[in-house]
Amino acid sequence: MKKMMFALCLILFSGTFFTFGSMDAKAAEGPRVTLGSPANSVQVGDTFKVPVSGENFNDLFGVEVSLTYDSQALRVLDVKAGEGYDTFGAYEDDANEGKLYIPVLRKQLQGSPQASVRLAEITFKALQEKQAAVEIRHVKAVNSERFVNEQGYKDLKVLTSDVGEAITFKISKQDDRTPSPGQGSGSGSGSTSGQTGTNATPGSSKEPVLNMDAILKEKDPVRAAEMLQTLLNGLKSEPAAADKKVMKKAALSIMEKLSSIPVNKEGADTYVVAPADVSKRKTLLVGLKASLAQWKMNTAEINKIELNAVMEYTLGGRDANKLGVYRYNADTAAWEYVRQAVHQVQAGKFMLVVKQAGTYRVMEYAKSYEDISGIYAEARYAIEVLTAKHIVKGTSETIFSPGKPVTRAEFSSMIVRALSLDPLVTDPKGETAYSDVRKGDWYYEDVKTLHQLQMIKGFDDGTFRPNDPVTREQMVVMMMNALQALGQVPNGNVQASGEPFADQQAISSWAKSSVNKAKEMKIISGTGQNMFMPKQSSNRADTAVLIWKMLQHSK
């Protein structure tokens, strides 16, 4: 939204990027955009500023600057506009690629022309000992003069500009310089990375005992994470076991707080996740995991931490089972379902892993079909709920075909979507082992997911037979294998409670344990006359009921 605001304010910036040649030659003394070097020498853990200036412009109204920086040695903490200019919070930082985009716009349309202006100031953090570089790659600039272009629209005059020299500077170890009086390191907290003033034992390779109190007392999780990162980057040798234990516990607490993304509520059940929050927190999480791994402190709990958001809603007469989280895709002008959102019905909220910034909304998806009014009520409701959760869909926009048999491929896809199993795959490039499941088949990825998670085995001849109707016992085995992998099935052999199915002996030996467990957990109850009918195929209506019961158990 902020970037859109900036684009509207700038109106008709030319679509042409000004790409400049070699940075080795000094730029001509004309209008240009330059970078300033750090004011002081830089050590690992230091926070420092790099100014971006416009030189020799008479009337610089707006400018877009694209820079590259060494992402291994530097991290962007903040970008602030210079006096008289505004970024509208629209800067974008790609911490993985080391790319930074900064748009600035003069606050007042009319102003006193200045030969030199401070456009912005970038705050970096030094991550490792290295010769680092920051380089301007592209510039677009306009002045405030307006005219009518060839298309008949109001436009802004594009300025000729040049780029000043790139800057390079050395990041040294923390002990390579003598700090000036009052000069802090890293986050500016004064002492070195939160350590105590106690010296290490002479001849010991260990550092002083690490005091985490100051970091843990910091209430702002971003600030606390930055302080922890500074401490970790400043370590010169592996901490003692006792220090590691303290640091791992503190890191887990800090990163769990950091991972909770702020959500701004706009109107009824509409939530905005800001790009700057996602970028900054994601960068810190990645950096902390890498730093902890360097000293072998990255526990399984720490490694699995991801950015997440909580979105509370008011039910307002809607069916809670048909609610879902949707993200607005500006490119397609459509709301897209977020499958991984976890619904806590009793608490009236959704929890989701945040992959992208943007606008989210909690909405009810109420859809029915022309051909389900005559089927039994349990199946009709299950179909409506699974449609709202985007697990099943009709054979057309208005027809569901409840009596149509379900194939093995179709049921595989339903299970993967229902339980969101695809993120569990550790080798997304792996392949299936079945001769009749090929890349390009619509079900390929889902069958591959179940195979890699060892939830299906296929047949002895190496086939999966995706287009065969799935039998009732095959469905139960696939379903129970998935629940077992998610830790939602009791261990050990289970005998079904109550009277056994009248056709118990007809159940294949490889399916009996799964069928008994499913009956014990009340996920299945069989057909009439206490029959299970293990070899019978299942239609779309009965399959919907089975999956809905499975989901109710897995909550």
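Just so it is clear, the model here is predicted, and its values are computed rather than measured.

Chemist: I'm lost on the overall build of the chain in this one. Help?
Modeler: Of regular secondary structure, the chain possesses 12 helices and 22 strands. Within the chain, the fraction of its 555 residues that count as buried is 47%. Counting every atom, the chain has about 28,100 Å² of accessible surface; 49% of that belongs to carbon and sulfur.

Chemist: Looking at this model, I keep getting lost on the sheet that holds strand β21 (residues 349-353). Mind explaining?
Modeler: Working definition: the strands of a sheet are paired by backbone hydrogen bonds and lie parallel or antiparallel to each other. Reading across the sheet, the three strands line up as β17-β21-β20 and stay open at both edges, with antiparallel pairing between neighbours. Each end of this open sheet is capped by a strand with a single partner; those strands are β17 (308-312) and β20 (342-344). For this sheet, the mean inter-axis angle between neighbouring strands, taken without regard to orientation, is 20°.

Chemist: When you look at the environment of K219 in this model, what are you seeing that I'm missing?
Modeler: Mapped onto the elements of the fold, K219 is located in the loop between α2 (213-217) and α3 (221-233). Given a relative accessible area of 80%, K219 falls into the exposed group. Between the alpha carbons of K219 and I254 there is a distance of 9.7 Å; along the sequence they are 35 residues apart.

Chemist: Can you walk me through helix α8 (residues 408-419) in this structure?
Modeler: Every α-helix carries 3.6 residues per turn, so stepping three or four residues along brings you back to the same face. Taking 1.5 Å per residue as the helical rise, α8 with its 12 residues ought to reach 16 Å, and the 17 Å between its terminal C-alpha atoms agrees with that figure. For α8, a buried count of 10 out of 12 residues is recorded, marking the element as mostly surrounded by other parts of the structure. Taken together, the buried positions of α8 are occupied by R408, A409, F411, S412, S413, M414, I415, V416, A418 and L419. Here the buried face of α8 lies against α9 (444-452), α10 (472-485) and α12 (540-554). One or two steps after α8, the chain reaches S420, where phi turns positive at roughly 50°.

Chemist: Explanation requested: the packing of aromatic side chains in the structure shown.
Modeler: One pass over the full model with this rule turns up 11 aromatic pairs. Look at Y313 and F350: their rings are 5.7 Å apart centre to centre, the planes differ by 40°, and that puts the pair in the tilted class. You can see Y313 sitting in the loop between β17 and β18 (323-329) and its partner F350 sitting in strand β21, a full 37 residues away along the chain. Of the two residues, Y313 and F350, both sit in the buried class. An aromatic cluster of at least three residues, connected via ring pairs, comprises F48, Y69, F124 and F169.

Chemist: Which parts of the structure should I look at to understand the confidence of the model for the chain?
Modeler: Caution applies to low-pLDDT regions: their predicted coordinates should not be interpreted in detail. In the predicted model, the chain carries a mean pLDDT of 83, and the fraction of residues at 70 or more is 82%. Per-residue pLDDT stays below 50 along residues 176-209; that stretch engages in 54 contacts with residues further than four places along the chain or on separate chains.

Chemist: Help me out: how do you make sense of a nonpolar patch on the surface in this one?
Modeler: Taken together, the side chains of V310, V342 and M351 present a nonpolar region at the surface, about 210 Å² in accessible area. Looking at the element boundaries, V342 is found in strand β20. The class of V342 is partly exposed, set by a relative accessible area of 48%.

Chemist: Just checking my understanding: could you explain the packing of helix α4 (residues 241-258) against helix α5 (residues 275-294) for this structure?
Modeler: When two helices pack together, their arrangement is given by the angle between their axes and by how far apart the axes lie. Taken N-terminus to C-terminus, the directions of α4 and α5 make an angle of 160°; their axes are 10 Å apart at the nearest point. Comparing their axes, α5 and α4 come out roughly antiparallel. Between α4 and α5 lies a crossing of left-handed hand. Along its contact with α4, which presents A251, M255, K257 and L258, the element α5 presents R281, L284, L285, L288, K289 and L292. Partitioning the contact of α4 with α5 into residue classes produces seven nonpolar, no polar and three charged.

Chemist: Would you mind showing me how to read the side chain of T123 here?
Modeler: Mapping T123 onto the fold places it in strand β10 (residues 116-126). The buried category is assigned to T123, whose relative accessible area is 10%. Among the polar contacts made by the side chain of T123, one reaches the side chain of K49 at a distance of 3.2 Å. Ignoring anything within four residues of it in the chain, the contact list for T123 reads T47, F48, K49, R75, V76, L77 and D78.

Chemist: Can you walk me through the sheet that holds strand β19 (residues 334-337) in this structure?
Modeler: Spatial strand order, β15-β16-β22-β18-β19: five strands in an open sheet with antiparallel pairing. At either end of the open sheet lies a strand with only one pairing partner, and these are β15 (264-265) and β19.

Chemist: Can you help me understand the pattern of salt bridges in this one?
Modeler: Here the idea is simple: oppositely charged side chains can pair when their charged atoms come close. Going through the model one piece at a time under the given rule, you end up with 14 salt bridges. Between D461 and R465 there is a salt bridge; the shortest N-O distance is 3.3 Å. Given a relative accessible area of 31%, R465 falls into the partly exposed group.

Calculation rules
Position labels on residues start from 1 in each chain and follow its written sequence. Only residues with pLDDT of at least 70 are given local features in this predicted model, and only at 80 or more are side-chain atom pairs given and counted; all residues enter the totals for whole chains, interfaces and linings. Only hydrogens and water are set aside when side-chain values are computed; all heavy atoms of the structure are taken into account. Helix and strand labels come from DSSP, where a helix needs a run of H or I of at least four residues and a strand needs a run of E of at least two; each type is numbered from the N terminus. Relative accessible area decides the class of each residue, using a 1.4 Å probe on protein chains only: under 20% of the type maximum gives buried, over 50% gives exposed, and in between gives partly exposed. Each accessible area is a Shrake-Rupley estimate made with a 1.4 Å probe; only the visible protein chains count as cover when residues are assessed. Should DSSP find at least two bridges between two strands, the strands are regarded as paired. The angle between two axes is taken between their N-to-C directions and runs from 0 to 180 degrees, where each axis is a line fitted to C-alpha atoms and a helix contributes only its stretch in contact. The span you would expect from a helix comes to 1.5 Å times its residue count less one. Every residue pair with non-hydrogen atoms within 4.5 Å of one another is taken to be in contact. Here a pair means two rings of Phe, Tyr or Trp (six-membered ring of Trp) with centres within 6.5 Å. Their orientation is stacked below 30 degrees between planes, edge-to-face above 60, and tilted elsewhere. The quantity called pLDDT is the predictor's confidence in a given residue, expressed from 0 to 100. Each patch is assembled from residues with relative accessible area greater than 30% and no salt bridge, linking like charges that lie within 9 Å and nonpolar side chains (Val, Leu, Ile, Met, Phe, Trp, Tyr) that lie within 5 Å. Any Lys or Arg side-chain nitrogen located within 4 Å of an Asp or Glu carboxyl oxygen qualifies as a salt bridge. The labels follow the angle: roughly parallel below 35 degrees, roughly antiparallel above 145, roughly perpendicular from 65 to 115, and oblique for the rest. Crossing chirality is assigned from the near helix's rotation relative to the far helix, an anticlockwise turn below a right angle marking it left-handed and a clockwise turn marking it right-handed. In this classification, Asp, Glu, Lys and Arg are treated as charged, Ala, Val, Leu, Ile, Met, Phe, Trp, Tyr, Cys and Pro as nonpolar, and every other residue, Gly included, as polar. Pairs of N or O atoms within 3.5 Å make up the polar contacts considered here, provided that, within protein, one atom can donate a hydrogen while the other can accept it, and that residues adjacent in sequence are counted only when both atoms are side-chain atoms.

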